[in-house]
Amino acid sequence: MPVLAAILRSRAPHWSLTIEPFERRSYEIDLATGRVDFVLSVGGATPIGALVDAAIVWEDELVVLAGPRSALHAGSDRISTELYLAQQHIYPLPWPTSQNYLDVELARAGKHRKIAFSVPSYAALGRVLEATDLIASMPDRSARALICRHPDLRLIRLDPPRRSQLSLLWGISALQEPAISWARSIIQDAAAKHGDAGGGTANRIGSGQD
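Residues numbered from 1 in each chain as written. Predicted model: local features only at pLDDT ≥ 70, side-chain atom pairs only at ≥ 80, totals over all residues. Heavy atoms only, no water.

Q: Account for the overall build of the protein, with residues named and values stated.
A: Scanning the protein for helices and strands turns up seven helices and 10 strands. A buried classification covers 42% of the 210 residues belonging to the protein. Split by element, the accessible area of the protein, about 10700 Å² in all, is 54% carbon and sulfur. (Helix = DSSP H or I, 4+ residues; strand = E, 2+ residues; numbered from the N terminus. Buried < 20%, exposed > 50% of the residue type's maximum accessible area, 1.4 Å probe, protein only. Areas by Shrake-Rupley, 256 points an atom, 1.4 Å probe, with all protein chains shown as cover.)

Have a look at this one:
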């Protein structure tokens, strides 16, 4: 989002951009009717209907962050699923575990994480990880962004690795409007400039001119 905001301020300073929290429900009607212009969806495969199209923005690896108090902090750079599940976890909302793609996958295999603490967002994770022996799971871009602010945290990868996609969705009819088509290109340009840094969660995006 910082990269996208900078591009818009440079190229179209009279545009307005509103980011709404993502709710785990169908958003096809929102896109088809123009209530929102785009959806950024993170997780597993994103089903789309006849009124919606999508493009993959990037692919993330799911990783673990551990603070100095965690037993994992001084260990291997990679951990097994069994060792991962033996830890106690921090879970960032807003999605319940019943709708989180990782926990759905684990539940299908009869496995579950030990959720000891929940926080409102990824932004609240850093200090909690530093102060406890808990671990947290997130996309690698989000993890690296947190490490920049909390350098004592350690990034640990899962073996076997788990990956997820960030998808950009839009209403097919809306692309007939030049401004919406242009806005999509700006979002994809911001994603390309974002490269390997930063990260975030899924959101719905409304854009337009003042």
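The discussion continues.
Q: Mind laying out unusual backbone geometry, listing which residues take part and the relevant values?
A: Glycine aside, a negative phi is what most residues show, and trans is what most peptide bonds show. For the peptide bond that leads from aspartate 159 to proline 160, omega is 5 degrees, which places it in the cis range. Tracing the backbone shows proline 160 in the loop between strand S8 (154-159) and strand S9 (163-171).

Q: Outline a nonpolar patch on the surface, supporting the account with residue identities and numerical values.
A: The grouping of Met1, Leu17 and Ile19 at the surface amounts to a nonpolar patch, some 220 Å² of accessible area in total. On the secondary structure map, leucine 17 appears in strand S1 (residues 15-21). (Patch = residues over 30% accessible without salt bridge, like charges linked within 9 Å, V, L, I, M, F, W, Y side chains within 5 Å. Salt bridge = Lys/Arg side-chain N within 4 Å of Asp/Glu carboxyl O.)

Q: Describe the nonpolar core, listing the residues and the values that go with them.
A: Core analysis: the biggest nonpolar cluster contains 19 residues, and Leu4, Phe38, Leu166, Leu168, Ile186 and Ile187 have the highest contact counts within it. Among the elements of the structure, helix H1 (2-11), strand S2 (38-43), S9 and helix H7 (178-194) are those that each provide at least two residues to this core. A per-element tally of this core places H7 first, with six residues. Of all hydrophobic cores here, the second largest spans 13 residues; its members include Val63, Val119, Ala143 and Leu146. (Core = buried A, V, L, I, M, F, W, Y, C linked by side-chain atoms within 4.5 Å.)

Q: Provide a residue-level description of the packing of aromatic side chains, including the pertinent values.
A: Counting across every chain of the model gives one aromatic pair. On the numbers, 5.1 Å between centres and 55 degrees between planes, the contact of tryptophan 15 with tryptophan 182 is tilted. With tryptophan 15 in strand S1 and tryptophan 182 in helix H7, this pair connects stretches of sequence that are 167 residues apart. Since its relative accessible area comes to 30%, tryptophan 182 is described here as partly exposed. Just above the ring of tryptophan 58 sits the side chain of arginine 141; from NZ or CZ to the centre is 4.2 Å. If you follow arginine 184 out to its NZ or CZ, it ends over the ring of tryptophan 170, 4.5 Å from the centre. (Phe/Tyr/Trp six-rings, centres within 6.5 Å; stacked < 30°, edge-to-face > 60°. Lys NZ or Arg CZ within 6 Å of the ring centre and 35° of its normal.)

Q: Go over the pattern of salt bridges with me, naming the residues and quoting the values.
A: Under the definition given, this model contains 12 salt bridges. As a salt-bridge pair, aspartate 189 and arginine 11 come within 2.7 Å of each other at their nearest N and O atoms. Of this pair, aspartate 189 sits in helix H7 while arginine 11 sits in helix H1; the two residues are 178 residues apart in sequence, bridging distant segments of the chain. The shortest N-O distance in the salt bridge between lysine 111 and glutamate 82 comes to 3.8 Å.

Q: Explain the pairing of strand S7 (residues 135-139) to me, and be specific about the residues and the numbers.
A: With respect to burial, S7 is a largely interior element, five of its five residues being buried. As defined by bridge partners, strand S3 (residues 52-66) adjoins S7 across five bridges and the pair is classed as antiparallel. Pairing of alanine 66 across the sheet is with isoleucine 135, part of S7. The pairing of strand S5 (residues 88-92) with S7 spans two bridges and is classified as parallel. By the bridge assignment, isoleucine 90 is partnered in S7 with alanine 136. (Pairing = 2+ DSSP bridges.)

Q: I'd like a rundown of the confidence of the model for the protein, residues and numbers included.
A: The predicted coordinates should not be examined in detail at positions where pLDDT is low. Counting all residues, the mean pLDDT for the protein is 83, and 84% of those residues have values of 70 or more. Averaged pLDDT values over the elements of the protein bottom out at 45 in strand S10 (residues 203-209) and peak at 96 in S8. A low-confidence stretch, residues 206-210 (pLDDT under 50), is modelled with 17 contacts involving residues beyond four sequence positions or located in other chains. (pLDDT = per-residue confidence, 0-100. Contact = heavy atoms within 4.5 Å.)

Q: Give me the environment of lysine 193: which residues, what numbers.
A: By secondary structure assignment, the location of lysine 193 is in helix H7. By relative accessible area, which is 52% here, lysine 193 ends up exposed. In the structure, lysine 193 is positioned 186 residues away from isoleucine 7 in sequence and 10.0 Å away in space, judged by C-alpha atoms. Sequence-distant contacts of lysine 193, that is, excluding residues within four places in its chain, are made with Val3, Ile7 and Arg11.

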